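What follows is the residue order along each chain.
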Amino acid sequence: MSLPKPVMRGLLGKRLRFHLPIAFTLSIISAIAFKYAVTEPRKQAYADFYKQYDSVKEFNAMREAGIFESVRPSGE
Amino acid sequence: MFRAVFRLSATGARSLARSRPCYSAPLASRCYSHGKVETDEEFDARWVTYFSKPDIDAWELRKGMNTLIGYDLVPEAKILDSALRACRRLNDVASAIRILEAVKDKAGPHKEIYPFLMQELKPTLSELGISTPEELGMDKL
C-alpha cells in the first residue's frame with residue numbers, strides 16, 4: 001500500500017493566512033472590549049465622584065479630625 | 001493563488017488594508033510584480049544540482065541544508081536523495097541521520113509527510129546503509 005503524495009510546500013504560509021487575521025481581529029476586539037468594559041466605567045466613576053465633590057467641605061472634615069500638622073482643628 | 005487570501009480571510013477589508021506580502025515562492029520572498037518567479041520544478045532541480053556536486057565539501061553540505069530548512073516547505077524526496085548521497089561522498093552518516101530528523105521536524109503537525117518521504121527514500125537509505133532515527137531509537141526522548 002503506497003502512500004499518496006501529501007502537500008509539502010507553503011504549509012506555514014497557509015497556517016498564517018488562516019490564523020493571523022483571526023489573531024489580529026481577536027486582539028483588537030479584546031482591546032475594544034477592555035476599553036468599554038473597564039476603562040470607560042472607571043473614568044466615568046471618577047468623573048461622577050468629582051462632579052459633586054466639595055473640596056472645602058472635605059478639607060474641613062479632615063481638619064476637624066486633626067490629621068493635619070499645618071492647621072489645627074478650629075476649636076484649638 | 002493568493003487572491004484566495006482575501007476570500008478566506010474573515011476580515012477581508014482588514015487584510016486589504018494590511019497589504020499582505022505576496023509569497024508565491026516559499027523563499028524569503030522578493031515581492032516583484034515584474035520578473036520571473038521560479039517554478040517548483042526549477043527550485044527542486046536547482047537544489048538537486050547543488051547537492052550533486054561531486055566534490056561538494058562539508059561546509060557546502062551544511063550551508064545547503066541549513067538554507068533549505070529555512071524555507072517554508074518540506075524538501076522533496078529527490079532533493080533529500082541528492083543530499084544523502086552528498087553525505088555518503090563525505091563519509092558523514094551523522095549528517096545523513098540528522099537530515100532525516102530535520103525533515104520530520106519540518107513537517108510539523110502534518111504527520112503524513114514523514115512516512116511518505118520514508119517510503120520514497122527507502123531504496124536510497126538501504127543502498128547507502130543509512131539507519132533511520134526510529135531504527136536507532138533516537139526518536140524517543
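Residues numbered from 1 in each chain as written. Chains lettered and ligands numbered in written order. Predicted model: local features only at pLDDT ≥ 70, side-chain atom pairs only at ≥ 80, totals over all residues. Heavy atoms only, no water.

- Looking at an unreviewed UniProt entry, one finds chain B named Cytochrome c oxidase subunit 5A, mitochondrial, with Labrus bergylta as its source organism.

- In the nomenclature of an unreviewed UniProt entry, chain A is known as Cytochrome c oxidase subunit 6C of Labrus bergylta.
- According to UniProt, the comment filed for chain A under the heading Subcellular location (unreviewed entry) is "Mitochondrion inner membrane".
- The Pathway (unreviewed entry) comment attached to chain A in UniProt states, word for word, "Energy metabolism; oxidative phosphorylation." (UniProt positions renumbered as here; feature names shortened; annotations may be inferred.)

A word on the UniProt feature "transmembrane region" (unreviewed entry) in chain A
Phase 1: UniProt tags residues 20-38 of chain A as "transmembrane region" (unreviewed entry).
Phase 2: Its end C-alpha atoms 26 Å apart, residues 20-38 of chain A is made of 100% helix and 0% strand. (Helix = DSSP H or I, 4+ residues; strand = E, 2+ residues; numbered from the N terminus.)

Section: the packing of aromatic side chains
Phase 1: Taken as a whole and assessed by the stated rule, the structure comprises nine aromatic pairs over all chains.
Phase 2: When the centroid spacing of 5.4 Å and the interplanar angle of 35 degrees are considered together, the rings of A:Phe49 and A:Tyr53 count as tilted.
Phase 3: The exposure class of A:Tyr53 is partly exposed, given its relative accessible area of 34%.
Phase 4: A ring pair is formed by B:Trp47 and B:Tyr71, whose centres lie 6.1 Å apart and whose planes are at 70 degrees; its orientation type is edge-to-face. Pair noted here: B:Trp47 is in helix α3 (residues 40-52) and B:Tyr71 is in the loop between α4 (58-69) and α5 (77-89), with a separation of 24 residues, a long-range link. Side by side, B:Trp47 and B:Tyr71 carry an identical accessibility label, which is buried.
Phase 5: Among the aromatic residues, those joined into a cluster by ring pairs are B:Phe43, B:Trp47, B:Tyr50, B:Phe51 and B:Tyr71.
Phase 6: When the ring centre of A:Tyr36 is taken as origin, the NZ or CZ atom of A:Lys35, which lies over that ring, is 5.8 Å away. (Phe/Tyr/Trp six-rings, centres within 6.5 Å; stacked < 30°, edge-to-face > 60°. Buried < 20%, exposed > 50% of the residue type's maximum accessible area, 1.4 Å probe, protein only. Lys NZ or Arg CZ within 6 Å of the ring centre and 35° of its normal.)

Some words on the side chain of B:Thr132
Phase 1: With respect to the helices and strands, B:Thr132 occurs in the segment after α7 (113-128).
Phase 2: Non-local contacts of B:Thr132, meaning those with residues more than four positions away in its chain, are made with B:Leu100, B:Met118 and B:Leu125. (Contact = heavy atoms within 4.5 Å.)

A look at a nonpolar patch on the surface
Phase 1: On the surface, A:Leu12, A:Leu16, A:Leu20, A:Phe24, A:Ile28, A:Ile32 and A:Tyr36 cluster together into a nonpolar patch covering about 620 Å² of accessible area.
Phase 2: Take A:Phe24: it is sitting in helix α1 (residues 11-51). (Patch = residues over 30% accessible without salt bridge, like charges linked within 9 Å, V, L, I, M, F, W, Y side chains within 5 Å. Areas by Shrake-Rupley, 256 points an atom, 1.4 Å probe, with all protein chains shown as cover. Salt bridge = Lys/Arg side-chain N within 4 Å of Asp/Glu carboxyl O.)

What about the pattern of salt bridges?
Phase 1: Evaluation of the coordinates by the stated rule reveals 16 salt bridges over all chains.
Phase 2: In this structure, A:Arg9 engages B:Asp44 in a salt bridge whose closest nitrogen and oxygen atoms are separated by 2.9 Å. Pair noted here: A:Arg9 is in the segment before α1 and B:Asp44 is in helix α3, and the two residues belong to different chains.
Phase 3: Of the charged contacts, one joins A:Lys43 and A:Glu40 as a salt bridge, the two residues approaching to 3.0 Å between their closest N and O atoms. Linking A:Lys43 with A:Glu40, this pair stays in helix α1, spanning three residues, or about one helical turn.

Details of the packing of α4(B) against α5(B)
Residues and elements named next belong to chain B.
Phase 1: One can describe the packing of α4 onto α5 by two numbers: an axis separation of 11 Å at closest approach and a directional angle of 155 degrees. As summarised for this structure, α4 and α5 are arranged roughly antiparallel, according to the angle between their axes. Our pair here, α4 against α5, has a crossing hand that is left-handed. Along its contact with α4, which presents Leu 61, Met 65 and Leu 68, the element α5 presents Ile 79, Ala 83, Ala 86 and Cys 87.
Phase 2: Of the residues in the contact of α4 with α5, the class split is seven nonpolar, no polar and no charged. (Axes fitted to C-alpha atoms, helices over the stretch in contact; angles between N-to-C directions. Parallel < 35°, antiparallel > 145°, perpendicular 65-115°, else oblique. Left-handed = near helix turned anticlockwise from the far one by under 90°. Nonpolar A, V, L, I, M, F, W, Y, C, P; charged D, E, K, R; others polar.)

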